[in-house]
Amino acid sequence: KPLVFSGVQPTGNLHLGNYLGAIKRFVEMQAHHDCIYCVVDQHAITVWQNPADLKKQIREVTAAFLAAGIDPKAHVVFNQSQVPEHAELAWVFNCVARMGWLNRMTQFKEKAGKDRENASVGLFAYPTLMAADILVYRATMVPVGEDQKQHLELARDIAQKFNNDFRDSVAAAGFDPDEGFFPLPEPLTQGPAPRVMSLRDGTKKMSKSDPSDYSRINLTDDQDTIAQKVRKARTDSEPLPSEVAGLSGRADADNLVTIYAALAGTTREAVLAEFGGAQFSAFKPALADLAVAVLAPINRHMRELMDDPAHIDAVLADGSERAGAIAAKVMDDVKDIVGFLRSR
Ligand code: TYM
């Protein structure tokens, strides 16, 4: 039965892009699949995290999962560091992946910036840990935003090379060598908003690390803040077009229409059928109202959950135990396949 796996980093400032591109879709996938959702704290420390803040950030992402509607009893919600098999498999993958493959990762280039000599080794190896996250459950369906596509391609390359390199050993361990031990995971990016852009610049991705807080709507923003950020969002001076084709070359307008459509659960076509010809002075208040209507209940629920950290910790403990049970079995097979001696 195909498994769903995805992860979110607890690096602060969870925003509308994370919600529309990922978390909202995690919620939807629960109806038809077995899902594992992970707070990837080991990925977070590839760049410096203040230890006192990190625990709170881990609980906050967990609270966002639960507040958005993920059911931690029917599915699995946990934090990565409590299941050591992720890091264990990542080490094996570090020995399967090639330097050249990782050198091509655009996220590393962006995050490391000009001072590459000073980037952590973990930041460079980030994608092998991500491949391990998915493959330690042999999951195949990975709902993510568009920015993660390249990492998913790398995970497929790693799975394929592992299957080839260890072909005979995979067969000796009792698996069909033509199928391979690891399945090839698929990125699921077909949501209404796989790439939400900055409110200050429609050509840049909405991001946790943008220095301007006005560039994003955070899941922790209150109603006034959301309304103010929408009001200040950059636009051009033309009214909205009546057809989607009219949005080309208008990145800021396109972004706001896309956000509206995703929040309303409809299409850009439908939004423009309603607002075509309208000025932004009319569209923005409607967008702000819609954003508040969708996010306020999540925000309220997140706050309630954050008032009870013991409950969150119990959810993560339970999820970690159930995730660990699956991961340990896969990791035992990996050890046999690689040729590690298991005498206990
Ligand atoms: P992270 O924590 O940066 O983002 C979490 C999810 O949000 C999506 N996302 C967006 N979607 C649309 N528009 C945006 N502006 C936007 N910004 C972020 C991301 O694509 C992601 O789906 N490497 C991952 C975390 C990870 C992971 C995994 C994901 C670790 N291991 C295994 C899937 C499977 C990341 O940095 O996500």
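The structure this text deals with has already been given above.
Rules of the game
Residues numbered from 1 in each chain as written. Predicted model: local features only at pLDDT ≥ 70, side-chain atom pairs only at ≥ 80, totals over all residues. Heavy atoms only, no water. Helix = DSSP H or I, 4+ residues; strand = E, 2+ residues; numbered from the N terminus. Rg over C-alpha atoms; globule rule 2.2 N^0.38 Å. Buried < 20%, exposed > 50% of the residue type's maximum accessible area, 1.4 Å probe, protein only. Contact = heavy atoms within 4.5 Å. Areas by Shrake-Rupley, 256 points an atom, 1.4 Å probe, with all protein chains shown as cover. Expected span 1.5 Å × (residues − 1). Bend = angle between axes of the 7 residues up to and from the residue. Phe/Tyr/Trp six-rings, centres within 6.5 Å; stacked < 30°, edge-to-face > 60°. Arc of directions from axis to C-beta. Near = heavy atom within 4 Å. Polar contact = N/O pair within 3.5 Å; in protein donor to acceptor, adjacent residues only side chain to side chain. 1 Å grid on protein atoms, 1.4 Å probe; cavity = no way out; pocket = protein on both sides within 12 Å on 5 of 7 lines; lining within 4 Å. Sits in = over half its atoms within 2 Å of the grid points. Salt bridge = Lys/Arg side-chain N within 4 Å of Asp/Glu carboxyl O.

Another point: the overall build of the protein chain. Looking only at helices and strands, the protein chain has 14 helices and 5 strands in total. Since a compact globule built from 344 residues should have a radius of gyration of about 20 Å, the 21 Å found for the protein chain is in line with a globular shape. Burial statistics for the protein chain: of 344 residues in total, 51% are counted as buried. For the protein chain, the share of sequence-separated contacts (at least 6 apart) that also reach a separation of at least 24 residues comes to 77%. Surface summary for the protein chain: the accessible area is close to 16,000 Å², and the carbon and sulfur share equals 50%.

Below, the discussion takes up helix α1 (residues 16-29). Between the first and last C-alpha of α1 there are 19 Å, a value that for 14 residues agrees with the 20 Å anticipated at 1.5 Å per step. In α1, a bend of some 30 degrees at Ala 22 exceeds every other bend along the element. In terms of residue burial, α1 counts as a mostly covered element, since 12 of its 14 residues are buried. Buried within α1 are the following residues: Leu 16, Gly 17, Asn 18, Tyr 19, Leu 20, Gly 21, Ala 22, Ile 23, Lys 24, Arg 25, Phe 26 and Met 29.

As a further point, take the packing of aromatic side chains. Applying the stated criterion to the full structure yields 16 aromatic pairs. Where Phe 162 meets Phe 182, the ring centres are 4.9 Å apart and the plane angle is 65 degrees; that geometry is what we call edge-to-face. Linking Phe 162 in helix α8 (residues 149-165) with Phe 182 in the loop between α9 (167-172) and β5 (186-188), this pair joins segments that are 20 residues apart in sequence. With respect to burial, Phe 162 and Phe 182 carry one shared label: buried. Aromatic rings pair up to connect Phe 93, Phe 162, Phe 166, Phe 175, Phe 181 and Phe 182 into one cluster.

For the rest of this paragraph, the subject is helix α10 (residues 223-232). Within the span of α10, buried status applies to Ile 226, Lys 229 and Val 230. What you see down the axis of α10 is that its buried residues fit within an arc of 100 degrees, all on one side. Looking at α10, the residues exposed on the side facing more than 90 degrees away from the buried face are Asp 224 and Arg 231. Of the surrounding secondary structure, the elements contacted by the buried residues of α10 are α13 (280-306).

This next bit is on the site of the ligand. Within the structure, the ligand sits among 28 residues, and Tyr 126, Asp 133, Asp 147, Val 196 and Lys 208 are positioned closest to it. Taking Tyr 126, its side chain carries an N or O atom lying 2.6 Å from a nitrogen atom of the ligand. A distance of 2.7 Å separates a nitrogen atom of the ligand from a polar atom in the side chain of Asp 133. When the free accessible area of the ligand is taken as 710 Å², the share hidden by the protein chains comes to 96%. Of all the cavities here, the one that holds the ligand is the largest pocket.

It is worth spelling out the pattern of salt bridges at this point. Counted by the stated rule, this structure contains 19 salt bridges. For Arg 234, the salt bridge goes to Asp 252, with nearest N and O atoms at 3.0 Å. Separated by 18 residues along the polypeptide, Arg 234 in the loop between α10 and α11 (251-264) and Asp 252 in helix α11 bring together distant segments of the chain. Owing to a relative accessible area of 41%, Arg 234 belongs among the partly exposed residues under this scheme. For Asp 332, the salt bridge identified is with Arg 342, shortest N-O distance 3.4 Å.

What is shown is where atoms sit, not what they do.
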